[in-house]
Amino acid sequence: MKIAFLGLGSMNGSILHGLQQANLPNTTFVATCHSEASAARAAETYQITVEASGVNPDANLAAIESADVVLIGVKPAQVTGLLSEIAEDLEPKTIVVSVAAAVTVAQMEAVLKPGQPVVRTMPNTPTQVGAGVIGLCAGTNTNAEQLKSVQELLDQAAQTVVVDEAQMDALTGVSGSGPAYVFHFAETLIKAGVEAGLDEQTAQELAIGTIAGAAKMLQQDNADPENLRVAVTSPNGTTEAALRQLAPMGELVEKAVLAARDRAAEISAELD
Ligand SMILES: NC(=O)c1ccc[n+]([C@@H]2O[C@H](COP(=O)([O-])OP(=O)(O)OC[C@H]3O[C@@H](n4cnc5c(N)ncnc54)[C@H](OP(=O)(O)O)[C@@H]3O)[C@@H](O)[C@H]2O)c1
């Protein structure tokens, strides 16, 4: 199987890393970046061939030749330009998989040859450490077997969830952008620990260990976030005092997820 990564930055790099860890038999990876510097860095990191499209204008066309799957990992505004560049040379069997936020199936299919199979996905960066979540939906020319083959491939790198395209922006607001909410929470917990009297290194150790431990508990079978919260909260104790202060967080998180969802829809409209 040949898998071509067009764009090998943060997101496609995380997926490639996950697939490399899976040691898939008979699988070849090739990739492109735009600049020579990024291509050299990525080739060194992943130990695969990475060509720079900014230096070699045929780099993307060479990468897609005979590919079974082409993973598009450029910025949303660059996706349709890149697809137009490769459209004529894509083989009918090649499945085009995009990781770009907000770029719709219709926008991709509009620049590809009729019938080209497309899968739209929304991964997240924990894929880098084998703990990612990837949402995916099929294009209009993609049959169940093709979707399944992409899902089975991505299952090697992350946990996958198939959704209708109509849910993709909501999924982006929860899991695509979600790691940033948790990292932001970690930043604020460390800052608050320092404010409360800890030195920064100790505050960082405690905050990160706590978030990692809580995440592990959440992943246990039959874990229920509400039960886990209640088990920490002694009546009239310290946690209750803290959670009283965090009461506005529910509304803020909801606003954040809706803002991300709505921004995705706005970006889609801007790309039309
Ligand atoms: N980061 C996330 O958390 C995340 C999560 C989910 C989805 N996504 C989606 O992933 C996509 C990529 O985001 P990212 O954060 O990975 O960006 P990034 O780190 O900037 O990576 C973009 C990559 O595309 C390359 N590139 C640009 N133009 C190219 C061209 N014409 N041909 C070949 N390669 C080209 C860049 O090369 P140079 O470095 O040489 O410019 C770079 O390797 C976006 O559409 C984003 O919506 C990101």
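Residues numbered from 1 in each chain as written. Predicted model: local features only at pLDDT ≥ 70, side-chain atom pairs only at ≥ 80, totals over all residues. Heavy atoms only, no water.

Asker: Could you give me a rundown of the overall build of the chain, with the residues and numbers involved?
Answerer: Across its full length, the chain carries twelve helices and eight strands. A principal-axis box enclosing the C-alpha atoms of the chain has dimensions of 65 × 40 × 35 Å. Residues counted as buried form 38% of the 272 residues belonging to the chain. Taking the contacts inside the chain whose residues are at least 6 apart along the sequence as the reference set, 63% of them involve residues at least 24 apart. Here the chain has roughly 15000 Å² of accessible surface; of this, 55% comes from carbon and sulfur atoms. (Helix = DSSP H or I, 4+ residues; strand = E, 2+ residues; numbered from the N terminus. Buried < 20%, exposed > 50% of the residue type's maximum accessible area, 1.4 Å probe, protein only. Contact = heavy atoms within 4.5 Å. Areas by Shrake-Rupley, 256 points an atom, 1.4 Å probe, with all protein chains shown as cover.)

Asker: Got a sec to walk through the pairing of strand E6 (residues 118–122)? Specific residues and values, please.
Answerer: Of all five residues that make up E6, five are buried, and the element is covered over most of its length. Both faces of E6 are covered, namely the face carrying Val118, Arg120 and Met122 and the face carrying Val119 and Thr121. For strand E5 (residues 95–98) and E6, the ladder comprises three bridges, and the chain directions are parallel. Paired with Val97 across the two strands is Val119, which belongs to E6. Of the strand pairs in this sheet, E6 and strand E7 (residues 132–138) are connected by four bridges, and their pairing is antiparallel. Its bridge partner lying in E7, Met122 is registered against Gly135. (Pairing = 2+ DSSP bridges.)

Asker: Can you explain the nonpolar core? Please cite residues and give values.
Answerer: Counting 30 residues, the largest nonpolar core has Phe5 and Leu8 as the members making the most contacts within it. For Phe5, the contacting residues outside a window of four places in its chain are Asn12, Ile15, Leu16, Leu19, Phe29, Val30, Ala31, Thr32 and Leu71. Membership of the second largest hydrophobic core comes to 20 residues, among which are Ala87, Leu90, Leu112 and Val118. (Core = buried A, V, L, I, M, F, W, Y, C linked by side-chain atoms within 4.5 Å.)

Asker: Tell me about the UniProt feature "domain: Pyrroline-5-carboxylate reductase dimerisation" (unreviewed entry) in the chain, residues and numbers included.
Answerer: When the UniProt feature table is mapped onto this chain numbering, "domain: Pyrroline-5-carboxylate reductase dimerisation" (unreviewed entry) sits at residues 165–266. A helix fraction of 78% and a strand fraction of 0% characterise residues 165–266, whose end C-alpha atoms lie 15 Å from each other. (UniProt positions renumbered as here; feature names shortened; annotations may be inferred.)

Asker: Residues and numbers for the site of the ligand, please.
Answerer: Near the ligand lie 23 residues; those nearest to it are Ser10, Met11, Ser35, Ser38 and Val74. One of the backbone N or O atoms of Met11 is found 2.8 Å from an oxygen atom in the ligand. Here an oxygen atom of the ligand and a backbone polar atom of Val74 are 2.6 Å apart. For the ligand, whose unbound accessible area comes to 900 Å², protein coverage reaches 77%. Looking at the shell around the ligand, the elements with two or more residues in it are helix H1 (10–21) and strand E2 (28–33). Looking at the shell around the ligand residue by residue, the class counts come to ten nonpolar, twelve polar and one charged. (Near = heavy atom within 4 Å. Polar contact = N/O pair within 3.5 Å; in protein donor to acceptor, adjacent residues only side chain to side chain. Nonpolar A, V, L, I, M, F, W, Y, C, P; charged D, E, K, R; others polar.)

Asker: Lay out the pairing of E2 in plain terms, naming residues and giving numbers.
Answerer: Strand residues, when the strand is regular, have side chains that alternate between the two faces of the sheet. Within E2, five of the six residues are buried, leaving the element largely enclosed by the surrounding structure. One ladder, built from five bridges, connects strand E1 (residues 2–6) with E2; its direction is parallel. From the neighbouring strand, Phe5 faces E2, where its bridge partner is Ala31. Bridge count for E2 against strand E3 (residues 49–52) is four bridges, and the pairing is parallel. The partner of Thr32 across the bridge, within E3, is Glu51. Regarding the hand of the β-α-β motif, the stretch spanning E2, helix H2 (residues 36–46) and E3 is right-handed. (Right-handed = clockwise from strand over helix to strand, strands pointing away.)

Asker: Give a detailed account of the sheet that holds E7, specifying residues and quantitative values.
Answerer: The eight strands lie next to each other as E3-E2-E1-E4-E5-E6-E7-E8, forming an open sheet whose pairing is mixed. Single-partner strands in this sheet number two, and they are E3 and strand E8 (158–162). Taking each pair of neighbouring strands and ignoring which way they run, the sheet shows an average axis angle of 25 degrees. Here E7 pairs with E8 via five bridges, running parallel. (Axes fitted to C-alpha atoms, helices over the stretch in contact; angles between N-to-C directions.)

Asker: So what about helix H4 (residues 79–86)? Which residues, and what values?
Answerer: When H4 is considered as a whole, its buried residues turn out to be Val79, Leu82, Leu83 and Ile86. Projected onto a plane normal to the axis of H4, the buried residues spread over an arc of 100 degrees and lie on a single side. The secondary structure elements touched by the buried residues of H4 are E1, helix H3 (59–64), strand E4 (69–72), E5 and helix H5 (105–109). (Arc of directions from axis to C-beta.)

Asker: So what about a nonpolar patch on the surface? Which residues, and what values?
Answerer: The grouping of Phe185, Leu189, Leu243, Leu246, Met249 and Val253 at the surface amounts to a nonpolar patch, some 450 Å² of accessible area in total. Tracing the chain through its elements places Phe185 in helix H8 (residues 178–195). (Patch = residues over 30% accessible without salt bridge, like charges linked within 9 Å, V, L, I, M, F, W, Y side chains within 5 Å. Salt bridge = Lys/Arg side-chain N within 4 Å of Asp/Glu carboxyl O.)

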